[in-house]
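# Breakdown of the fold
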Amino acid sequence: MQFAKTPVALAIACILPHAAGAQDAAINRTLDEIVVSGARIEPTPLPAGRIDGDVLTQLRAGTSDTAGLLADVPGVNLQGAGGTSSLPVINGLAGDRVRTKVDGMDLIAACPNHMNPPLSYVDPSAVESLKVYAGISPVSAGGDSIAGTIVAKTKEPRFAAPGDGPLFAGEVGAFYRSNGNAYGGNVNATLATESLSLSYTGASAQADNYKAGGRFKNYTATGVPGHTLARDEVGSTAYETRNHTLGLAWKDGGHLVEAKVGIQDLPFQNYPNQRMDMTDNDQLRFNLRYLGRYDWGALEARAWHETVEHKMDFGDDKRFWYGTLSNAGVNGAPCAPLSGTAPNTCAAGMPMETESRNDGLALKADIDLGTQDLLRVGSELQRYRLDDWWPPSGGGMWSPATLYYGQKEQSFWNIRDGRRDRAALFGEWEATHNARWMTTLGIRYERVTSDAGDVRGYNPNTNGMAPMFNNQQLDAAAFNARERKRTDHNWDLAAIARHTADATRDIEFGFARKVRSPNLYERYTWSTWSMAAVMNNFVGDGNGYVGDVDLKPEKAHTLSATFDLHSANRDRELKITPFYTYVTDYIDTVRCRSSACTAANATTTNQFVVLQYANHDARLFGLDLAGRMPLGQTGLGEFGLKGQLNYTDGKNRDTGDDLYNIMPLNAKLTLTHKTGGWDSGVELIMVKAKDKVSDVRNEVKTDGYSLVNLRSSYAWKTVRVDFGVENLFDRNYDLPLGGAYTGQGRTMSLNPPAGDGMFGWGTAVPGLGRSFYAGVNYKF
């Protein structure tokens, strides 16, 4: 840590908390912050955005999706998914290319559709702060990523002030949103002494399908007898989620020990851009942290353990029964119940199950090398295990001799005994050369080892479905015959400098080399059968994906600079950030040319297709702008203006194709108003048409649009009320990063037959129509 203003302040920053009694004054809520006179010099690089305090509080009432809290961070967009699990996109890169740390833990989506990304395990009401490092992130912030790092922190432990007696404090809140009839509540409570703190945080949220701003489809059928959806209703957008965290912390002088236990109990979450829906997701996590201050600096150690049990099948809006006799009668008859003469002609959905175990250790030390220099060193270990299997559900999926619904021995093994282990070492040197120059140099080494066991398809006895099932046998045999263990040696580098020209001008610039190894689904999914491939898709484009054991790690080289122009008191700011990234061995796709894929699969331009992951080179560049300024103060209050603009361009350098899911030019302007306890805003969002699309994926183009949102809040000492309107004029628009609409109908089929009266290629997921929302929070 470095502090500015005077040598005295710098010296105070390095004083061991054991000395003087300063530790008690320094810590009321957490040992992470030391209070001194003077101003803290922010280490390089500065995050692209930081969400906390009142800004965070304003956003919570409008979303149950923690990733949605990042919508105002320059360079960040959101890839559509479920109602609580969208995927952050940083400068055109998303998914596992973004390193996401939740309370220091590296969490991993345990799902072939990435339905449970790291931020989905934290309710917005539990978040205390979010930081985003875009493109160039310090090596200490994590590796195995190329886009940047998101650091999410839940509420820190609170302790009673010296001499005040026990502390009992917390807050209770609730919200309602009209579109989709979404509602939920949250509670946070702490009971603490000066040295011991016990806390509980809990939240629940649920919603029905939301409606678009108008009709976006010409059909109402869902494939479920007696169940239809209105033409403006966005199928498979309902959800219900529950999250709980119990914390226990102890502090003594300059030392803190904290343990947290987290539980997610998610009954269901449906997905409008996936073939499947989440029918259950149970997460259990343990997180143990030690933080200590010493006369040489600070030491942080962490250990975590996480287990996930994840299930998928067709939800309420998607056809459940398949087979020649399916849906001939009421409630699936004669297929339901699945017995008697039905098994070989009927399939009861397509159950898919995933179990994962994630164990990690992290050790980090900040070593003061004097008043101007800090050395940060650390090590991380992660052990990840994954099983992904699909139990047989009927017709031809099992052996005739052992008919049994859901039998694990007869299952299709998508990934069996998947293993991905990481071991990392890093070093980082922060130097304050003088009042104008500060630099950070870092190097990180990671060894990533991955492997997977033997696989098998459904019923190896074919049972009358020879072409489909023989192909599974051929694919499985070829996969099983291969050497599948891979070890990658990855080196990250980061060099960042900040120059302060004067009190109103700063520039931060740098270079980073970041490396990411393929995830288990990219390397070890093996079946070219379209029905299996289409279930492996974490980008929501409706296509099917097949892995490649021989994929190489992605290596990104990024140049970026931020020009920060501002008034001395920072009530006026303009930040301009151009960036350029070249990625060698970027994991893109090619059309499947297996014997299981049709000839049309290689050439069609207006259907869903089967793809295989492949390494190419890629280039991304863009510009992020963000600014704010006061407009004046009158008897009506204080008025201001803030805005941001984002442009990204991505290209596959080997094929000339545009990269998938690149957000078109977009901008946001907000007129703000404050007076007394009131804080209000009128927001204008403008998005250009998305004309540059990925041809290999048959990505759907979207039209440009503009939206107006209103928000307001009033705060008393202990009560706060937030309310607003999203999409005030009820505009009908498509989400540029929302993916392909597969929210209803016969989703097991890659391309449903013509005249099926259900979904097909060419429809994008629409955005939310007009929605009124309100939230209330009471602190005690």
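Please read all numbers here as calculations on a predicted model, not as lab measurements. (Residues numbered from 1 in each chain as written. Predicted model: local features only at pLDDT ≥ 70, side-chain atom pairs only at ≥ 80, totals over all residues. Heavy atoms only, no water.)

The next thing to look at is the overall build of the chain. Assigned secondary structure in the chain consists of six helices and 32 strands. Burial statistics for the chain: of 780 residues in total, 56% are counted as buried. If you sum the accessible surface of the chain, you get close to 30200 Å²; carbon and sulfur atoms cover 58% of it. (Helix = DSSP H or I, 4+ residues; strand = E, 2+ residues; numbered from the N terminus. Buried < 20%, exposed > 50% of the residue type's maximum accessible area, 1.4 Å probe, protein only. Areas by Shrake-Rupley, 256 points an atom, 1.4 Å probe, with all protein chains shown as cover.)

This part is about unusual backbone geometry. Located in the positive-phi region is His-114, a residue other than glycine, with phi close to 55 degrees. Residue classification places His-114 among the buried residues on the basis of a relative accessible area of 3%.

Let us look at the nonpolar core. Judged by nonpolar contacts, the single largest core of 99 residues is most densely connected at Leu-70, Ile-90, Met-276, Met-350, Trp-390, Tyr-458 and Met-535. Among the elements that take part in this core, strand β26 (residues 610–634) stands out by supplying five residues, more than any other. Core analysis: the next-biggest nonpolar cluster, separate from the first, contains nine residues, Ala-94, Met-663, Ile-685 and Tyr-705 among them. (Core = buried A, V, L, I, M, F, W, Y, C linked by side-chain atoms within 4.5 Å.)

Here we come to the confidence of the model for the chain. This prediction gives the chain a mean pLDDT of 90; 88% of its residues lie at or above 70. With pLDDT under 50 throughout, residues 1–41 is counted as low confidence; its partners more than four residues away or in other chains account for 85 contacts. Predicted confidence is poor over residues 339–343, with pLDDT under 50, and the contacts of this stretch with residues over four places away or in other chains come to seven contacts. (pLDDT = per-residue confidence, 0-100. Contact = heavy atoms within 4.5 Å.)

Moving on: the pattern of salt bridges. Scanning the model with the defined rule gives 51 salt bridges in all. We note a salt bridge from Lys-364 to Glu-300, for which the minimum N-O separation is 3.9 Å. You can see Lys-364 sitting in strand β17 (residues 352–368) and its partner Glu-300 sitting in strand β14 (residues 297–313), a full 64 residues away along the chain. Here Glu-446 ties to Arg-422 by a salt bridge, and the two come within 2.8 Å at their closest N and O atoms. Of the two residues, Glu-446 is situated in strand β20 (residues 437–451) and Arg-422 in strand β19 (residues 412–432); the sequence distance between them amounts to 24 residues. The structure contains a network of salt bridges with shared partners spanning Arg-99, Lys-101, Asp-106, Asp-144, Glu-380, Arg-420, Arg-422, Arg-444 and Glu-446. (Salt bridge = Lys/Arg side-chain N within 4 Å of Asp/Glu carboxyl O.)

This part takes up the packing of aromatic side chains. Tallied over the full model, the rule gives 22 aromatic pairs. Taking 5.6 Å as the distance between ring centres and 40 degrees as the angle between the ring planes, the aromatic pair formed by Phe-314 and Tyr-322 counts as tilted. Tyr-322 carries the same exposure label as Phe-314, and that label is buried. Over the face of the ring belonging to Phe-608 we find Arg-275, whose NZ or CZ atom lies 5.0 Å from the ring centre. Over the ring of Trp-413 we find Arg-416; its NZ or CZ atom is 4.2 Å from the centre of that ring. (Phe/Tyr/Trp six-rings, centres within 6.5 Å; stacked < 30°, edge-to-face > 60°. Lys NZ or Arg CZ within 6 Å of the ring centre and 35° of its normal.)

Once that is clear, we can look at the pairing of strand β7 (residues 148–154). Counting buried residues in β7 gives six out of seven residues, a clear majority hidden from the surface. Bridge count for strand β4 (residues 98–102) against β7 is five bridges, and the pairing is parallel. Considered in β7, the bridge of Thr-100 is made with Ile-150. As paired elements, strand β6 (residues 127–134) and β7 share seven bridges and run antiparallel to each other. Directly across from Val-132, in β7, lies its bridge partner Ile-150. (Pairing = 2+ DSSP bridges.)

Below, the discussion takes up the sheet that holds β4. Taken in spatial order, the five strands line up as β1-β6-β7-β4-β5 in an open sheet, and their pairing is mixed. The sheet is open, and its two borders are formed by β1 (49–52) and β5 (105–106), each paired with just one other strand. Those strands touched by helix α3 (residues 53–60) are β1 and β6, and its axis lies near 70 degrees from that of β1. (Axes fitted to C-alpha atoms, helices over the stretch in contact; angles between N-to-C directions.)

Before going further, it helps to examine the state of the cysteines. Under the definition given, this model contains one disulfide. Covalent S-S linkage joins Cys-592 and Cys-597, the inter-sulfur distance amounting to 2.1 Å. Sign of the S-S torsion, about 90 degrees for the bond between Cys-592 and Cys-597, identifies this disulfide as right-handed. Considered together, Cys-592 and Cys-597 belong to a single accessibility category, that of buried residues. (Disulfide = S-S within 2.5 Å.)

Across the two faces of β1 the burial differs, with Gly-49 and Ile-51 buried and Arg-50 and Asp-52 not buried at all. As paired strands, β1 and β6 are joined by four bridges and run antiparallel to one another. Looking across to β6, one finds that Ile-51 is bridged to Leu-130.

Our next topic: α3. Owing to its 3.6 residues per turn, the α-helix aligns residues three or four sequence positions apart on the same side. Buried within α3 we find Leu-56, Gln-58 and Arg-60. In this structure, the buried residues of α3 make contact with β1, β6, β8 (167–177), β29 (678–687), β30 (705–715) and β31 (719–726).

Inspection of the secondary structure assignment puts His-244 in strand β11 (residues 239–252). Residue His-244 is classed as partly exposed on the basis of its relative accessible area, which comes to 29%. Sequence separation between His-244 and Gln-264 is 20 residues, and the spatial gap between their C-alpha atoms is 6.5 Å. Beyond its immediate stretch of four places on either side in the chain, His-244 contacts Tyr-200, Thr-201, Gly-202, Val-261, Gly-262 and Ile-263. At a separation of 2.8 Å, a polar atom in the side chain of His-244 contacts the side chain of Tyr-200. (Polar contact = N/O pair within 3.5 Å; in protein donor to acceptor, adjacent residues only side chain to side chain.)

For the rest of this paragraph, the subject is the side chain of Gln-264. Among the structural elements, Gln-264 can be located in strand β12 (residues 255–269). The class for Gln-264 is buried, based on a relative accessible area of 2%. A polar contact of 3.0 Å, which involves the side chain of Gln-264, links it to the side chain of Asn-243. Apart from the residues lying within four places of it in its own chain, the contact partners of Gln-264 are Ser-120, Tyr-121, Thr-241, Arg-242, Asn-243, Asn-281, Asp-282 and Gln-283.

Moving on, we come to the environment of Gly-49. Relative to the helices and strands, Gly-49 is located in strand β1. For the pair Gly-49 and Leu-130, spaced 81 residues apart in the sequence, the C-alpha separation amounts to 8.0 Å. Leave out the neighbours within four places in its chain, and Gly-49 touches Val-73, Leu-130, Lys-131 and Val-132.

So, about the environment of Arg-242. Looking at the element boundaries, Arg-242 is found in strand β11. Taking the C-alpha atoms as reference, Arg-242 lies 8.2 Å from Pro-267; in sequence the two are 25 residues apart. Among residues more than four places away in sequence, those in contact with Arg-242 are Ala-203, Ser-204, Ile-263, Gln-264, Asp-265 and Pro-267. In terms of polar contacts, Arg-242 uses its side chain to reach the side chain of Glu-240, at 2.8 Å.

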